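Structure at a glance
The lines below spell out each chain.
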Amino acid sequence: MTPALARARDLLDRARAAYGGNPAVADRLDHCAARLDQPLRVALAGSLKAGKSTLLNALVGQDIAPTDATECTRVVTWYRNGPVPSVNAWYDGDRRMPVPVQRPDGRLTFDLGELTADRVDFIDVEWPASALAQTTIIDTPGTSSLSQDVSARTLALLTPEESASGADAVVYLMRSLGAADVEFLERIGRHVGGGSGPLGIVGVVSRADEVGAGRADAMMSAKQVAARFTDELERTGLCQAVVPVAGLLALAARTLRQNEFAAFEALARVPAEQLQVAMLSADRFARPDVDLPVDPGMRARLVDRFGLFGIRTAVLLVQLGARDSPSLAAELVARSGLDELRQVIDVQFGQRADQLKTHSALLALERVLHACGDHELLGAVRRELADDHGFAELRLLGRLRSSSVSLPDEEVQVLHRVIGGSGIGATRRLGLADDASPAEIRAAAVDAVRHWRSRAEHPLLDPFTAKAAAVAARSAEGLVAANDARSA
């Protein structure tokens with residue numbers, strides 16, 4: 001248990017001792033405490049048809065979220081780890097109904113029967129998946145839906161008026177970056193981060209393969225778009241990273257079948273000009289009168305699962321030497337952008353799960369105590385929110401995008417690394433090899449303390465840069481202390 005987590009539990013215990021006799025307050029405090037024990041909550045948000053459900057399936061590595069526009073995609077759906085697959089709809093306040101899982105035409109869907117989305121509060125899915133063991137994923141309806149009620153469900157989860165956000169971190173999918181996206185990101189930042197701003201928000205340029213109309217260089221075009229979005233968001237500090245991802249390709253790659261690999265092998269032997277003409281469009285590629293060594297039915301399935309970009313990429317990789325389905329799948333996942341997104345999520349969310357959960361619980365506790373008028377305990381909670389160094393690092397990581405730092409670019413990169421922007425392990429923070437010895441770690445950490453302390457005390461530095469350097473020095477001091485404690 002981290003020190004911050006222990007202090008949060010102590011504050012909750014004090015609140016329970018003071019208000020345990022009030023059932024309504026006690027219930028809210030129980031919810032605060034439960035967030036500390038549950039897996040990290042990561043919500044997928046974004047506009048209508050941004051590809052949230054497809055990305056969720058890709059992250060989990062299984063087809064567990066419906067992607068067709070049915071009633072269930074208009075409802076907030078929680079995906080948790082469980083021993084056996086089960087789906088339940090909670091509706092009319094406190095009623096629960098088991099929901100059958102169906103696969104018409106091979107596509108997964110949840111059958112809500114006579115229930116309509118306006119009656120359903122949320123859908124709770126338990127599924128045995130390793131990706132859900134440490135993270136609960138929340139799939140939200142599109143924020144730009146034509147139905148205000150549908151968009152309101154997402155807002156009620158992420159930015160409720162009377163309570164803390166239901167998510168600890170957010171992956172926000174966008175195909176463009178408009179005023180509505182910026183406004184929504186600002187609302188998320190205020191709720192997920194409280195007064196400290198966004199602590200856990202990552203942006204995704206979704207359906208990235210469509211940016212270049214399915215061409216072989218589509219992901220390159222998407223990376224340029226992501227870079228532009230990142231530059232624009234740097235001015236506001238609304239996201240900690242923006243990553244392009246071709247969700248359809250990522251999901252297909254993680255569930256690649258042997259007969260699909262065989263089809264790609266056959267297509268790889270087709271002369272380049274002939275294949276290029278056949279792939280002028282998705283409809284043409286699947287036409288029965290097009291002469292290719294793969295039957296039209298399989299070609300249609302490849303288009304449906306991989307898209308033209310995925311097919312072109314898979315064929316090229318086979319021609320370059322992919323000799324079996326596992327190696328092809330790994331290459332396709334890497335080319336889809338999913339590996340990069342998973343790494344960003346791990347660094348920004350996974351490695352800081354305790355900090356993010358603690359922050360969410362303390363924000364929720366702050367609202368409870370404010371309503372109770374308990375100024376003494378409320379002050380203790382607010383001091384914890386303001387003083388914990390882990391929160392200071394997260395705040396600074398967000399603000400580094402929106403504020404000018406009076407340091408050379410190389411030094412800014414080092415500062416970003418020291419405060420945990422590339423991972424929170426000691427060797428990652430200090431730029432050392434993973435097998436660095438305790439003595440090497442201590443020496444590098446002491447050097448970092450001296451460097452950043454000297455920077456923080458420089459009389460000509462502007463206040464923000466001096467504060468950033470002080471945070472880096474404190475991070476390095478923590479590395480020294482932790483290393484000494486392990487060596488004792």
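Residues numbered from 1 in each chain as written. Predicted model: local features only at pLDDT ≥ 70, side-chain atom pairs only at ≥ 80, totals over all residues. Heavy atoms only, no water.

The strands making up a sheet associate through hydrogen bonds between their backbones, and the pairing can be parallel or antiparallel. Pairing in this open sheet of nine strands is mixed, and the strands run β4-β3-β7-β2-β8-β1-β9-β10-β11 from one edge to the other. Of all strands in the sheet, those bounded by a partner on one side alone are β4 (95-98) and β11 (242-244). For this sheet, the mean angle separating the axes of adjacent strands, direction not counted, is 25°. Where strand β1 (residues 40-46) lies against strand β9 (residues 169-174), five bridges are found, and the strand directions are parallel. Counterpart to V42 in the pairing with β9 is A169. Each of β9, β10 (201-205) and β11 touches helix α13 (residues 338-348); the most contacted strand, β10, lies at about 170° to it. (Pairing = 2+ DSSP bridges. Helix = DSSP H or I, 4+ residues; strand = E, 2+ residues; numbered from the N terminus. Axes fitted to C-alpha atoms, helices over the stretch in contact; angles between N-to-C directions. Contact = heavy atoms within 4.5 Å.)

A separate point is the confidence of the model for the chain. For the chain, the average pLDDT comes to 86, and 92% of its residues sit at 70 or higher. The least confident element of the chain is helix α6 (residues 218-234), whose mean pLDDT is 73; the most confident is helix α8 (residues 258-268), at 96. (pLDDT = per-residue confidence, 0-100.)

What follows concerns helix α17 (residues 409-418). Buried residues of α17: E411, L415 and V418, and no others. Seen along its axis, α17 keeps its buried residues to an arc of 65°; they face one direction. Exposed residues on α17 whose side chains face more than 90 degrees from its buried face are D409, E410 and Q413. Where α17 terminates, the next one or two residues include G420, which has phi positive at roughly 100°. (Buried < 20%, exposed > 50% of the residue type's maximum accessible area, 1.4 Å probe, protein only. Arc of directions from axis to C-beta.)

Not every positive phi belongs to a glycine, and D92 is a case in point at roughly 50°. Within the secondary structure, D92 is located in the loop between β3 (86-91) and β4.

Per the counting criterion, the structure on display carries 16 salt bridges. Between D124 and R80 there is a salt bridge; the shortest N-O distance is 2.6 Å. Remark: R80 occurs in strand β2 (residues 77-81) and D124 occurs in strand β7 (residues 120-127); sequence separation between them is 44 residues. Connected through shared salt-bridge partners, R257, E260 and R305 make up one network. (Salt bridge = Lys/Arg side-chain N within 4 Å of Asp/Glu carboxyl O.)

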